[in-house]
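Geometric and topological summary
Here are the chains, one letter per residue:
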Amino acid sequence: MEDGSMLINGKKVIGEHFAYEGCHKMYVCKNLQEVRESQEMGYTVYPIGMLPETWNNSCPLRFISPFDLSDYYVHQGEDAIFEEE
């Protein structure tokens, strides 16, 4: 999947990177400020194209949210369907 063209559970992903703490928390960063903030908090930042693989290899408590917590792409316990837009 190319960066910027991903849908998760039918929702357009706004962001080119995501922050991951190595277990189950995945936060989509919509701008460089969010990338910097997440790194300052100790998260590792990856290109958005790595999100499906990271999801598949993460803890069952996993979820995906925008970094600002304004919504969820995937709640805990839900399945994630990744599609190209």
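So, here's what we can say about the structure.

What counts, and where the lines are drawn
Residues numbered from 1 in each chain as written. Predicted model: local features only at pLDDT ≥ 70, side-chain atom pairs only at ≥ 80, totals over all residues. Heavy atoms only, no water. Salt bridge = Lys/Arg side-chain N within 4 Å of Asp/Glu carboxyl O. Helix = DSSP H or I, 4+ residues; strand = E, 2+ residues; numbered from the N terminus. Buried < 20%, exposed > 50% of the residue type's maximum accessible area, 1.4 Å probe, protein only. Core = buried A, V, L, I, M, F, W, Y, C linked by side-chain atoms within 4.5 Å. Contact = heavy atoms within 4.5 Å. Arc of directions from axis to C-beta.

**With respect to the pattern of salt bridges**
Once their charged atoms are close, side chains differing in charge can pair, the charge on each being opposite to the other. For the structure on display, the rule yields four salt bridges. Salt-bridge contacts for Asp-71 lead to Lys-11; the nearest nitrogen and oxygen are separated by 3.4 Å. Taken together, the positions of Asp-71 in the loop between strand E6 (63–66) and strand E7 (82–84) and Lys-11 in strand E2 (residues 11–12) put the pair 60 residues apart, joining distant regions of the chain. Taking relative accessible area as the criterion, Asp-71 reaches 40% and is therefore assigned partly exposed. Residues joined by salt bridges that share partners form a network here, namely Lys-30, Glu-34 and Asp-68.

**Quick word on the nonpolar core**
Note on soluble globular proteins: their nonpolar side chains tend to be buried together. Counting 15 residues, the largest nonpolar core has Ile-8, Leu-51, Ile-64 and Phe-82 as the members making the most contacts within it. Breaking this core down by element, the ones donating at least two residues are strand E1 (6–8), strand E3 (17–20), strand E4 (25–29) and helix H2 (51–56). Filtering out sequence-adjacent residues up to four positions away, Ile-64 remains in contact with Ile-8, Met-26, Val-28, Leu-51, Trp-55, Tyr-72, Tyr-73, Val-74 and Phe-82. Cys-29, Tyr-43, Val-45 and Phe-63 belong to the second-largest nonpolar core, a separate cluster that totals eight residues.

**Let's talk about helix H1 (residues 32–40)**
Buried within H1 we find Glu-34, Val-35 and Ser-38. The buried side chains of H1 occupy one side of the element, clustering within an arc of 105° when seen end-on. Counted as exposed and oriented over 90 degrees from the buried face of H1: Leu-32 and Glu-40. Buried positions along H1 lie against E3, E4 and strand E5 (44–47). Phi for Gly-42, located one or two positions after H1, is positive at around 100°.

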